[in-house]
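# Residue-level structure breakdown
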Amino acid sequence: MQKSDFNAFHAILSDCLSVWSGPPNATIAAIWFRTLAAYDLGTLSTAFSAHMRDPQNGKFEPKPGHIVEQIERAAKNDGRPGPEEAWAISLGACDEADTVVWTLECVQAWAAATPIMALGDEVGARMAFKETYARLVAEARARFEAASWEVSEGFDKDRRRSAVGRAIEAGRIPAGKYAAIESITPLMLGNSAAMNGGIPAATRAKFDELREQWARVYEGPSDADAERDRLQELKRATEKKVEQFLKGGAL
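Residues numbered from 1 in each chain as written. Predicted model: local features only at pLDDT ≥ 70, side-chain atom pairs only at ≥ 80, totals over all residues. Heavy atoms only, no water.

Attention now goes to the overall build of the protein chain. Secondary structure assignment for the protein chain yields 10 helices and two strands. Every one of the 251 residues in the protein chain was classed for burial, and the buried ones make up 38%. For the protein chain, long-range pairs separated by at least 24 residues make up 63% of all intrachain contacts whose partners lie at least 6 apart in sequence. Surface exposure of the protein chain reaches about 13700 Å², of which carbon and sulfur atoms provide 53%. (Helix = DSSP H or I, 4+ residues; strand = E, 2+ residues; numbered from the N terminus. Buried < 20%, exposed > 50% of the residue type's maximum accessible area, 1.4 Å probe, protein only. Contact = heavy atoms within 4.5 Å. Areas by Shrake-Rupley, 256 points an atom, 1.4 Å probe, with all protein chains shown as cover.)

Here we come to the packing of helix α1 (residues 6–17) against helix α2 (residues 26–35). Direction vectors running N to C along α1 and α2 enclose 105°, while the axes themselves pass 10 Å from each other. One way to sum up the angle between α1 and α2 is to call them roughly perpendicular. Packed against α1, whose contacting residues are Phe6, Phe9, His10, Leu13 and Leu17, the element α2 presents Ala26, Ala29, Ala30, Trp32 and Phe33 at the interface. Across the contact of α1 with α2, the residue classes tally to nine nonpolar, one polar and no charged. (Axes fitted to C-alpha atoms, helices over the stretch in contact; angles between N-to-C directions. Parallel < 35°, antiparallel > 145°, perpendicular 65-115°, else oblique. Nonpolar A, V, L, I, M, F, W, Y, C, P; charged D, E, K, R; others polar.)

With that settled, consider α2. Taken residue by residue, α2 has Ala29, Trp32 and Phe33 as its buried positions. End-on, the buried residues of α2 take up no more than an arc of 100°, which puts them together on one face. For α2, exposure combined with an orientation more than 90 degrees from the buried face picks out Thr27 and Arg34. Tucked inside the fold, the buried residues of α2 contact α1, α3 (41–53) and α4 (64–76). Sitting at the head of α2, Asn25 places a side-chain oxygen 3.1 Å from the backbone nitrogen of Thr27. (Arc of directions from axis to C-beta. Polar contact = N/O pair within 3.5 Å; in protein donor to acceptor, adjacent residues only side chain to side chain.)

Our next topic: the nonpolar core. Membership of the largest hydrophobic core comes to 16 residues, with the highest contact counts inside it found for Phe9, Leu13, Trp32, Leu36, Leu44, Phe48 and Ile67. Elements that contribute at least two residues to this core include exactly α1, α2, α3 and α4. Ranked by residue count, the leading element in this core is α1, at five residues. Excluding residues that lie within four positions of it along the chain, Ile67 makes contacts with Trp32, Leu36, Leu44, Ala47, Phe48, His51 and Pro62. Within the second largest apolar cluster, 15 residues are counted, among which are Val100, Trp102, Trp110 and Tyr133. (Core = buried A, V, L, I, M, F, W, Y, C linked by side-chain atoms within 4.5 Å.)

Bringing helix α6 (residues 104–118) into the picture now. The terminal C-alpha atoms of α6, which comprises 15 residues, lie 21 Å apart, in line with the 21 Å expected from a rise of 1.5 Å per residue. Where α6 bends most, the angle comes to about 35°, and this point is Ala112, followed within four residues by the proline Pro115. Within α6 the residues assigned to the buried category are Leu104, Glu105, Cys106, Val107, Ala109, Trp110, Ala113 and Met117. Where α6 ends, the next residue or the one after it, Gly120, has phi of about 90°, a positive value. (Expected span 1.5 Å × (residues − 1). Bend = angle between axes of the 7 residues up to and from the residue.)

So, on to the environment of Ser18. Mapped onto the fold, Ser18 is located in the loop between α1 and α2. Spatially, the C-alpha atom of Ser18 lies 9.4 Å from that of Glu61, the residues being 43 residues apart in sequence.

Here the structure, examined in full by the defined rule, presents seven aromatic pairs. Both rings, one in Phe6 and one in Phe33, keep their centres 5.4 Å apart while their planes meet at 75°; by these two values the pair is edge-to-face. Placement of Phe6 in helix α1 and of Phe33 in helix α2 is noted, with a sequence separation of 27 residues between them. By relative accessible area, Phe6 is classed as partly exposed at 22%. Judged by relative accessible area, which is 10%, Phe33 ranks as buried. (Phe/Tyr/Trp six-rings, centres within 6.5 Å; stacked < 30°, edge-to-face > 60°.)

Glancing now at the packing of α3 against α4. One can describe the packing of α3 onto α4 by two numbers: an axis separation of 9 Å at closest approach and a directional angle of 105°. One element, α3, and the other, α4, form an angle in the roughly perpendicular class. Touching Thr43, Leu44, Ala47, Phe48, Ala50 and His51 of α3 are His66, Ile67, Gln70 and Ile71, all from α4. Among the residues forming the contact of α3 with α4, the class breakdown is six nonpolar, four polar and no charged.

By themselves these figures say nothing about function.
As structure tokens, this is what we get:
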């Protein structure tokens, strides 16, 4: 929060505490504000409401720690897979026929594990993946970023339909918004959760540029071999650009 958010925060705090002891005075409100200043107003408003609905803690007047607990609990239930499930999901990227629906953290952790996997050390790759993935998820949750699910297309149409269908059924990608050109990856589209997850505007612009490039290249399959070759080429180009992005270079 910024200093300019104090009045709005005071109102949220007052509404909550009025259920118990009444609105706080300016000094108490200032202490609350300083304690919770790392969080944005929307997150705090949700956390205060969650506390009041909590069947156990909601019986008592909240302290700042109760609100932090609600925020951290919500972050842990953000739909991101655990490290083992994330590894199992990401293994699908080994087969270019497979379509993989994975999170942004899976993509980044897989990029770290791929060089080790290429050496034939699957155990080492798995360890590197899990360590990187756990760190990235912890950092994302500390920033209160929503899980961002992406679709990485394989050339096998049946597997593609199956993978996307399961993802839609699980609520990981929105139904009705998946089409041939849009299926490449939501990160390259403007309609994904990733676009609302704190990605800088400059980065979004770069992905928009990539999306347009893909759109110009993708003309629809003429036959199975042509489609496979085209997707393989596009995936290689995208992997290179993602690698550059992860290293902090220009896309």
